[in-house]
Amino acid sequence: MSTNVFILGAAEGGLHFNGGDIIFQLVMFIILLALVKKYAWGPLMGIMKQREEFVANEITAAEASRAEASKLLEEQRELLKQSRVEAGQLIENAKKQGEAQREDIITTARAEAERLKESARREIVQEKEKAVSALREQVASLSVLIASKVIEKELSEADQEKLIKEYIQEAGEER
Amino acid sequence: MNHGAPIVEFLGLHFNLANIMMITIASLIVFILAVVSTRRIEMKPTGIQNFMEWVMDFVKGIINSSMDWQTGGRFLVLGLTLIMYIFVSNMLGLPFSVIVGHDLWWKSPTADPVITMTLAVMVMGLSHYYGVKMLGAKAYGKTFFQPMSFMFPLKIIEEFANTLTLGLRLYGNIYAGEILLGLLAGLATSGYADGIGSGLIGTISAAVPMLAWQGFSLFVGSIQAFIFVMLAMVFISHKVSQDH
């Protein structure tokens, strides 16, 4: 322990000052610094910076796409609302139109029915009149027939003669 | 406990070969770890890439807590490399140490004050460099006389004190940890020289403290790496921020 009581002295190796160690350490450290900077830390820092930028870009992109999505959502919502209103209008219109058409059809049908009824009535009246007149004719001819038959049966030759004379007389008096 | 160091002289400088080896090994481990973890980097991180990104975020947090990112961003690579290097260095001495002959070969490089002071001086030097670069020489010089001009000697002392504490705190923690680990290892093995019984007693009595101390050293090593980087960033921010 005796020689190493003074630690600085011990490391100097007694009498010697290790100037070579100092220079070697310095040179080695500078070489190491240069080498690891070139082959290790440089690329590592590069990739870390790249990742940082990548993440920042991703965040920006995500924010942008989220804004886009919300805008689209709003748009879609608006469109949906609009189309719902439109659909309601369409239904309303169709209902109204149907109502109108129904009214129309009913009115037409009613008019048609009225017209048919009217013409039928007129026809009936016509037919009746025709039938009455035909009947009247028939009755007239029948009555003539009957009268002639009655006359034919009851008039004897004497009576006929008498009748003829009467007629002639009458005709002469009136003249 | 008192091991020597394999020191050689080359070009008039003294090299501690153990330090050289451990510095190289720590640097290699950090480099391999870093490259392997970022070999296949993807947008969706998996496995070790996650870990590396966590470390990077951790260092980012350290820097952000002491200065704004506008000025602190350029120190990310420095902080990241420092924390990895110091952490790996602290961990290297934990599992074992290798002593060849009388020389200690395998240890934490940060268990040597020369290494830690080198790192500390480097950080302080960088802080002054960036202070001049970002504030301008005049504004940088002014910081030594603020808030009052009589503070100047204190400011000068503060610079040296900061450097010393930054380096020696790390060194002291790691060196102490290794010393205690070495003592416990000695307790576990030295008894066998007297007989199998005393050896067993020594091993058993050393096992639990050894386990506890290794766990604690793991904790200390991580904390010290964090503190070193934290303080480095605080000192740098003191030099580069206008409002100080």
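In this text, all values refer to a predicted model and were calculated from it rather than measured experimentally.

Student: I'd like a rundown of the overall build of chain B, residues and numbers included.
Tutor: Along the backbone of chain B there are eight helices and four strands. Scanning chain B from its N terminus toward the C terminus, one meets helices and strands in the order β-β-α-α-α-α-β-β-α-α-α-α. Expressed as lengths along the three principal axes of its C-alpha atoms, the size of chain B is roughly 70 × 50 × 40 Å. Within chain B, residue pairs in contact and separated by at least 24 positions form 69% of the contacts whose partners lie at least 6 positions apart. For chain B, the exposed surface amounts to about 11900 Å²; the carbon and sulfur share of it is 72%. Taken as two groups, the 12 positive and 12 negative side-chain charges of chain B have centres that lie 13 Å from each other.

Student: An account of the layout of surface pockets is needed here, citing residue identities and associated values.
Tutor: All names here are of chain B. By volume, the second largest pocket is sized at about 280 Å³. Elements supplying a minimum of two residues to the lining of the second largest pocket: α2 (48–66), α4 (76–92) and α8 (196–240). Residues belonging to the lining of the second largest pocket are distributed by class as follows: eleven nonpolar, one polar and no charged.

Student: How would you sum up α4(B)? Please name residues and give values.
Tutor: Given a rise of 1.5 Å per residue, 17 residues ought to cover 24 Å, and the 24 Å separating the end C-alpha atoms of α4(B) matches this to within 8%. With 16 of 17 residues buried, α4(B) lies mostly within the body of the structure.

Student: Help me get a handle on the UniProt feature "coiled-coil region" (unreviewed entry) in chain A, residues and values and all.
Tutor: The positions that UniProt labels "coiled-coil region" (unreviewed entry) are, in the present scheme, residues 59–145 of chain A. End C-alpha to end C-alpha, residues 59–145 of chain A measures 124 Å, and it is 100% helix and 0% strand.

Student: How would you explain the interface of chain A and chain B if you had to name every residue and give the values?
Tutor: Taken together, the contacts link 37 residues of chain A with 43 residues of chain B. Counting each side, the surface lost to burial between chain A and chain B is near 3900 Å², with a carbon and sulfur contribution of 76%. For the chain A face of the interface with chain B, the top three residues by lost area are Gln25(A), Phe29(A) and Trp41(A), together amounting to 18%. Inspection of the chain A/chain B interface yields one salt bridge.

Student: Any chance you could break down the UniProt feature "transmembrane region" (unreviewed entry) in chain B for me, citing the residues and the numbers?
Tutor: Residues and elements named next belong to chain B. Those places that UniProt annotates as "transmembrane region" (unreviewed entry) correspond, in this numbering, to residues 17–36, 75–94, 114–132, 174–193 and 213–236. Taken end to end, residues 17–36 has its terminal C-alpha atoms 28 Å apart, with 100% of it in helix and 0% in strand. Secondary structure across residues 213–236 divides into 100% helix and 0% strand, with the first and last C-alpha atoms of the span separated by 33 Å.

Student: Can you break down the UniProt feature "transmembrane region" (unreviewed entry) in chain A residue by residue, with the values?
Tutor: Per the UniProt annotation, the sites labelled "transmembrane region" (unreviewed entry) are residues 22–41 of chain A. For residues 22–41 of chain A, the helix share is 100%, the strand share is 0%, and the end-to-end C-alpha distance is 25 Å.

Student: Could you give an account of α2(B), naming the residues involved and the relevant values?
Tutor: Spanning 19 residues, α2(B) covers 28 Å between terminal C-alpha atoms, matching the ideal 27 Å at 1.5 Å per step. Tucked inside the fold, the buried residues of α2(B) contact α2 (19–154) of chain A together with α1 (17–37), α3 (69–72), α4 and α8 of chain B.

Student: Tell me what's going on with the packing of aromatic side chains, and back it up with residues and numbers.
Tutor: A complete count under the given rule lists ten aromatic pairs over all chains for this structure. With 5.7 Å between their ring centres and 75° between their planes, Phe29(A) and Tyr85(B) make a pair best called edge-to-face. One end of the pair, Phe29(A), is in helix α2; the other, Tyr85(B), is in helix α4, on a second chain. Take Phe29(A) and Tyr85(B): they sit in the same class, and that class is buried. Chaining the aromatic ring pairs together yields one cluster made of Phe51(B), Trp54(B), Phe58(B) and Phe226(B).

Student: I'd like to hear about the packing of α4(B) against α8(B), residue by residue, with values.
Tutor: Residues and elements named next belong to chain B. Where α4 contacts α8, the two axes come as close as 9 Å, and the packing angle between them is 155°. Here α8 runs roughly antiparallel to α4, going by the angle between their axes. With respect to the hand of their crossing, α4 and α8 are arranged in right-handed fashion. Touching Leu78, Gly79, Leu82, Ile83, Ile86, Phe87, Asn90 and Met91 of α4 are Ser217, Leu218, Gly221, Ser222, Gln224, Ala225, Phe226, Phe228, Val229, Met233 and Ile236, all from α8. Of the residues assigned to the contact of α4 with α8, the class counts are 13 nonpolar, six polar and no charged.

Reading the values: the criteria
- Residues numbered from 1 in each chain as written.
- Chains lettered and ligands numbered in written order.
- Predicted model: local features only at pLDDT ≥ 70, side-chain atom pairs only at ≥ 80, totals over all residues.
- Heavy atoms only, no water.
- Helix = DSSP H or I, 4+ residues; strand = E, 2+ residues; numbered from the N terminus.
- Contact = heavy atoms within 4.5 Å.
- Areas by Shrake-Rupley, 256 points an atom, 1.4 Å probe, with all protein chains shown as cover.
- Lys, Arg positive; Asp, Glu negative; His and termini not counted.
- Charge placed at Lys NZ, Arg CZ, Asp CG, Glu CD.
- 1 Å grid on protein atoms, 1.4 Å probe; cavity = no way out; pocket = protein on both sides within 12 Å on 5 of 7 lines; lining within 4 Å.
- Points joined across faces, edges and corners; volume = space filled by probe spheres on them.
- Nonpolar A, V, L, I, M, F, W, Y, C, P; charged D, E, K, R; others polar.
- Expected span 1.5 Å × (residues − 1).
- Buried < 20%, exposed > 50% of the residue type's maximum accessible area, 1.4 Å probe, protein only.
- UniProt positions renumbered as here; feature names shortened; annotations may be inferred.
- Buried area = accessible area lost by both parts, 1.4 Å probe.
- Salt bridge = Lys/Arg side-chain N within 4 Å of Asp/Glu carboxyl O.
- Phe/Tyr/Trp six-rings, centres within 6.5 Å; stacked < 30°, edge-to-face > 60°.
- Axes fitted to C-alpha atoms, helices over the stretch in contact; angles between N-to-C directions.
- Parallel < 35°, antiparallel > 145°, perpendicular 65-115°, else oblique.
- Left-handed = near helix turned anticlockwise from the far one by under 90°.

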